[in-house]
There are 2 protein chains.
Amino acid sequence: MATSPSAPRFSGVRRRELSVADYERGVLAGERAILGRAITLIESARPDHQKKAQELLVRLLPHSGGARRVGITGVPGVGKSTFIESLGQRLTERGHRLAVLAVDPSSALSGGSILGDKTRMAALAVNERAFVRPSPTAGSLGGVARKTRETIQVCEAAGYDVVLVETVGIGQVESVVAQMVDFVLLLLLPNAGDELQGIKRGILELVDMVAINKADGENRLAAKQAREQYESSLRFVPPASRRWVPPVLTCSARDGEGLDRIWAKIEEHRRIMTEAGELASRRRKQRLKWMWSLVEEELLSLFRRDPRVAALLPELEAQVASGAITPTLAASRLLEHFETQ
Amino acid sequence: MATSPSAPRFSGVRRRELSVADYERGVLAGERAILGRAITLIESARPDHQKKAQELLVRLLPHSGGARRVGITGVPGVGKSTFIESLGQRLTERGHRLAVLAVDPSSALSGGSILGDKTRMAALAVNERAFVRPSPTAGSLGGVARKTRETIQVCEAAGYDVVLVETVGIGQVESVVAQMVDFVLLLLLPNAGDELQGIKRGILELVDMVAINKADGENRLAAKQAREQYESSLRFVPPASRRWVPPVLTCSARDGEGLDRIWAKIEEHRRIMTEAGELASRRRKQRLKWMWSLVEEELLSLFRRDPRVAALLPELEAQVASGAITPTLAASRLLEHFETQ
């Protein structure tokens, strides 16, 4: 709470409210403290904060969009944080500035199952050129997604040219994150036998690359076999772009093996998609799709909040579920009441 | 048009308008002519027909739901109509009553690329125990889907205990059809090398069975190899139910080989899902999801038709696409104008 613009008096000190101009100046200057507070502003549910956040974002828009936006997913235990820590250190050593964000709706309940504390990425946490931000611990998947999406923009405006968005491999989250990144990397374990190891349906169709982690020690052979199996199975997943067939690589985040090759592939993807104009069009589509999903979300919640709809809904849903009336009839009855207000 | 309740005077004869009670009696008696006219009523865009159709459907609901609802998909050339004809004949010989429907939004343009004429299924067309209905040749995918969904109910009320819904393998349609059937069968050709042969992304996750057709003559070996390839690739598609791993079979619709085994599998699926209560819950979820998708569709069209929204939309969409404003801001501006009317 100490970084919240609405922080109450605490030990006698009250942090000065920042103006939109203050935030803008501080973010563009790459001041970490201001960046942190700007993100807190974005995450705040208070309407006045929301308004201020949107003003800030519009001002920052001309300065955003410059980063490689990479989603990294995989089930707990696959070694995501070690991977990000190890890859991140390499990238910052090469002069990149790295922001690590997370989308983890469960954290609202669990208090943060991923990136819950920065000690998970001890080296990056104290790395001058890295910025690690825990998942927003509030709200629906849609809400968390909006905050993360807008946090990406602010980080880009602050000069971070690589943004890694970490998620747990629980399906719905991945499709939301795939809508805000340029590249989706799926981390898997060598024991490929366990059909996708709990990864949810549809994920293979979102990924731009599969990396089999922990390909070290006695796992090497298993990883090699897993790699072949995934390659053959991915041949049956029609690719998102005819210009890119998702490769399957192996790596050991622990030993730092294979990470350079993985990053080189990500850069290759970026080059190909940029030259083909697909990167720009992918982001354009993402923005429009995002606008419409926000509109839909709000329309539905308007609808559900409508007193007459709210009064009818339980009964009608029960009748539809039991097959007493048709879905078409139930929908039109609900809509009648909504429209004739 | 001759079967349309609103058919104009023609050769001096005008078909008597049927009352809802007439339709109900005729459908429940299994009168083909009345069934055909009931479906035409469902397909009609006229508000009074729509109202009448919904009244009829509610009356028929207690008598519907009894059929095996099977979706059959595959690219043109895979042999869907031969397969349906050959399987259908077998089923009617065993005493089943079979309805064959189609979902083909393109038919609105093409005049019906599938089931455009019944001569494609000559034997079924004259089969007393079979009812073949072309795809509704009007409206959006959503519209065609609604009509097909409700046509299934009417056919069930008319005593058809097997309903086959045919689609062309073009992705979006399959996910809509999967929402109205109990089982999705994907037909493929033996040359599996051509990654899913143009089948769209996501389909593998909808299918309950893959059948490799044209496994005859010199194709036998290729079909066997394709079968193994698809089996290994399906292992990496997490199944919809832990009770059912989609099998991969081969068949020759032309020679009638393998069709009995395929149908036996479909019956096995039905038995397992029924005993587990998954069939009932799948249909319950389908009905509720359907109601909500109708609500969403109408809310969005209300929104787009709103004059102030319509006036703002082009400019805001352009600004979002170009990245001049945030999707969040654009959405809230549009919604402001919509809500404050």
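Quick note: structure is the one above.
Residues numbered from 1 in each chain as written. Chains lettered and ligands numbered in written order. Predicted model: local features only at pLDDT ≥ 70, side-chain atom pairs only at ≥ 80, totals over all residues. Heavy atoms only, no water.

Some words on the overall build of chain A
Next up, step 1: Counting its regular elements, chain A contains 13 helices and seven strands.
Next up, step 2: Put simply, chain A has 341 residues, and 56% of those count as buried.
Next up, step 3: The long-range fraction of contacts in chain A, counting pairs at least 24 apart against all pairs at least 6 apart in sequence, stands at 74%.
Next up, step 4: Accessible surface for chain A amounts to roughly 14300 Å². Of this, 55% is attributable to carbon and sulfur atoms. (Helix = DSSP H or I, 4+ residues; strand = E, 2+ residues; numbered from the N terminus. Buried < 20%, exposed > 50% of the residue type's maximum accessible area, 1.4 Å probe, protein only. Contact = heavy atoms within 4.5 Å. Areas by Shrake-Rupley, 256 points an atom, 1.4 Å probe, with all protein chains shown as cover.)

Looking at the relation of the copies chain B and chain A
Next up, step 1: For the match of chain B to chain A, the screw axis carries a shift of 0.0 Å, the RMSD comes to 0.1 Å, and the turn is 180 degrees. Read as a symmetry element, the transformation amounts to a two-fold axis. Closest to the rotation axis within chain B is the C-alpha of Ser233(B), separated from it by 2.1 Å.
Next up, step 2: Taken as a fraction of all interface residues of chain B, those also at the interface in chain A reach 100%, which identifies the copy contact as same-surface. (Least-squares fit on C-alpha atoms with pLDDT ≥ 70 in both.)

Overview of the environment of Leu334(B)
Next up, step 1: On the secondary structure map, Leu334(B) appears in helix α13 (residues 327-339).
Next up, step 2: Sequence-wise, Leu334(B) and Arg304(B) are 30 residues apart; in three dimensions their C-alpha atoms are separated by 9.8 Å.
Next up, step 3: Not counting the four nearest positions on each side in its chain, Leu334(B) is found in contact with Met291(A), Phe303(B), Val309(B), Leu312(B), Leu313(B) and Leu316(B).

Description of the packing of aromatic side chains
Next up, step 1: Tallied over the full model, the rule gives eight aromatic pairs over all chains.
Next up, step 2: Consider the rings of Trp292(A) and Phe303(B), whose centres lie 6.1 Å apart with planes at 85 degrees: the pair is edge-to-face. Linking Trp292(A) in helix α11 (residues 278-305) with Phe303(B) in helix α11 (residues 278-305), this pair reaches from one chain into another.
Next up, step 3: Pairwise contacts between aromatic rings join Trp292(A), Phe303(B) and Phe338(B) into one cluster.
Next up, step 4: The residue whose ring lies beneath Arg149(A) is Trp290(A), and the NZ or CZ to ring-centre distance is 4.2 Å. (Phe/Tyr/Trp six-rings, centres within 6.5 Å; stacked < 30°, edge-to-face > 60°. Lys NZ or Arg CZ within 6 Å of the ring centre and 35° of its normal.)

Observations regarding the layout of surface pockets
Next up, step 1: Its volume calculated, the second largest pocket comes out at about 620 Å³.
Next up, step 2: Along its surface, the second largest pocket is lined by 20 residues, and Gln50(A), Arg146(A), Glu298(A), Thr328(B) and Ser332(B) are the ones closest to its centre.
Next up, step 3: Among the secondary structure elements, those contributing two or more residues to the lining of the second largest pocket are α3 (47-60), α7 (141-157) and α11 of chain A together with α13 of chain B.
Next up, step 4: Considering only residue class, the lining of the second largest pocket consists of six nonpolar, seven polar and seven charged. (1 Å grid on protein atoms, 1.4 Å probe; cavity = no way out; pocket = protein on both sides within 12 Å on 5 of 7 lines; lining within 4 Å. Points joined across faces, edges and corners; volume = space filled by probe spheres on them. Nonpolar A, V, L, I, M, F, W, Y, C, P; charged D, E, K, R; others polar.)

Observations concerning the pattern of salt bridges
Next up, step 1: Tallying each qualifying case throughout the model produces 46 salt bridges over all chains.
Next up, step 2: With a shortest N-O distance of 3.1 Å, Glu55(B) and Lys51(B) are connected by a salt bridge. Of the two residues, Glu55(B) and Lys51(B) are both situated in helix α3 (residues 47-60); the distance of four residues between them amounts to about one turn of the helix.
Next up, step 3: Shared partners join several salt bridges into a network, and the residues in it are Arg16(A), Asp22(A) and Arg25(A). (Salt bridge = Lys/Arg side-chain N within 4 Å of Asp/Glu carboxyl O.)

Comments concerning the sheet that holds strand β6 (residues 209-212) of chain B
Residue and element names in this part refer to chain B.
Next up, step 1: Taking strand neighbours across the sheet as the criterion, the seven strands line up as β3-β2-β4-β1-β5-β6-β7 in an open arrangement whose pairing is parallel. Each edge of the sheet is formed by a strand with only one pairing partner; in this case those strands are β3 (130-132) and β7 (248-250). On average, adjacent strands in this sheet sit at an angle of 25 degrees to one another, irrespective of strand direction.
Next up, step 2: Examined bridge by bridge, strand β5 (residues 183-188) and β6 share four bridges and lie parallel to one another. Paired with Leu-185 across the bridge in β6 is Met-209.
Next up, step 3: Contacts between helix α4 (residues 80-93) and the sheet are confined to β1 (68-74), β2 (98-103), β3, β4 (162-168) and β5, with β4 contributing the most and set at about 175 degrees to the helix. (Pairing = 2+ DSSP bridges. Axes fitted to C-alpha atoms, helices over the stretch in contact; angles between N-to-C directions.)

What about helix α2 (residues 32-43) of chain B?
One turn of the α-helix equals 3.6 residues, which is why residues spaced by three or four share an orientation.
Residue and element names in this part refer to chain B.
Next up, step 1: Helix length check: α2, at twelve residues, gives a terminal C-alpha distance of 16 Å against a target of 16 Å (1.5 Å per residue), a fit within 8%.
Next up, step 2: Burial within α2 is extensive, with ten of its twelve residues counted as buried.
Next up, step 3: What α2 keeps buried is the set Ile-34, Leu-35, Gly-36, Arg-37, Ala-38, Ile-39, Thr-40, Leu-41, Ile-42 and Glu-43.
Next up, step 4: Buried residues along α2 sit against α1 (20-28), α3, β3 and α7 (141-157). (Expected span 1.5 Å × (residues − 1).)

A word on empty space enclosed by the protein
Residue and element names in this part refer to chain A.
Next up, step 1: Applying the stated criterion across every chain, the model contains six cavities of 30 Å³ or more.
Next up, step 2: Taken together, Arg-68, Arg-69, Val-70, Asp-182, Phe-183, Ile-266, His-269, Arg-270, Met-273 and Leu-279 make up the full set of residues lining the largest cavity.
Next up, step 3: Those elements that provide at least two residues to the lining of the largest cavity are β1 (68-74) and α10 (259-275).
Next up, step 4: Residue contributions to the lining of the largest cavity peak at four residues, all from α10.
Next up, step 5: Across the lining of the largest cavity, the residue classes tally to five nonpolar, one polar and four charged.

Points about the interface of chain B and chain A
Next up, step 1: Facing 59 residues of chain B, the contacting portion of chain A comprises 59 residues.
Next up, step 2: Between chain B and chain A the total buried area reaches about 5300 Å² when both faces are included, carbon and sulfur atoms providing 70% of it.
Next up, step 3: Counting every contact that joins chain B to chain A gives zero salt bridges.
Next up, step 4: On inspection of chain B and its partner chain A, the count reaches ten residue pairs in polar contact (both at pLDDT 80 or more).
Next up, step 5: Every element with two or more residues in the side of chain B that touches chain A is listed here: α3, α7, α9 (220-234), α11, α12 (307-322) and α13 of chain B.
Next up, step 6: The class makeup of the residues in the side of chain B that touches chain A is 35 nonpolar, ten polar and 14 charged. (Buried area = accessible area lost by both parts, 1.4 Å probe. Polar contact = N/O pair within 3.5 Å; in protein donor to acceptor, adjacent residues only side chain to side chain.)

Thoughts on the packing of helix α12 (residues 307-322) of chain A against helix α13 (residues 327-339) of chain A
Residue and element names in this part refer to chain A.
Next up, step 1: Packing of α12 against α13 brings their axes to within 10 Å, and their N-to-C directions diverge by 175 degrees. Judged by the angle between their axes, α12 and α13 are roughly antiparallel. Residues Arg-308, Val-309, Leu-312, Leu-313, Leu-316 and Val-320 of α12 pack against Pro-327, Ala-330, Arg-333, Leu-334, His-337 and Phe-338 of α13.
Next up, step 2: Of the residues that constitute the contact of α12 with α13, the class distribution is nine nonpolar, one polar and two charged. (Parallel < 35°, antiparallel > 145°, perpendicular 65-115°, else oblique.)

Quick word on the sheet that holds strand β2 (residues 98-103) of chain A
All names here are of chain A.
Next up, step 1: Across the sheet, seven strands lie side by side as β3-β2-β4-β1-β5-β6-β7; this open sheet has parallel pairing. The outermost strands of the open sheet, each flanked by one partner alone, are β3 (130-132) and β7 (248-250). Adjacent strand axes in the sheet meet at a mean angle of 25 degrees when their direction is disregarded.
Next up, step 2: Looking at chain direction, β2 and β3 are connected through three bridges and run parallel. Looking at the pairing, Val-100 lines up with Val-132 of β3.
Next up, step 3: Strand contacts of helix α9 (residues 220-234): β5 (183-188), β6 (209-212) and β7, with the helix running at about 170 degrees to β7, the strand carrying the most contacts.

Overview of the side chain of Thr328(B)
Next up, step 1: Among the structural elements, Thr328(B) can be located in helix α13.
Next up, step 2: If we ignore the near neighbours within four places in the chain, the residues touching Thr328(B) are Gln54(A), Arg146(A), Glu150(A), Trp290(A) and Leu294(A).

With respect to the packing of α3(B) against α7(B)
All names here are of chain B.
Next up, step 1: Close contact between α3 and α7 brings their axes to 10 Å; oriented N to C, the two are set at 45 degrees. The orientation of α3 relative to α7 falls into the category oblique. Handedness of the α3/α7 crossing: left-handed. Counted together, Gln-50, Gln-54, Leu-57 and Leu-60 of α3 and Arg-146, Glu-150, Gln-153, Val-154 and Ala-157 of α7 form the full contact between these two elements.
Next up, step 2: Residue composition of the contact of α3 with α7, by class: four nonpolar, three polar and two charged. (Left-handed = near helix turned anticlockwise from the far one by under 90°.)

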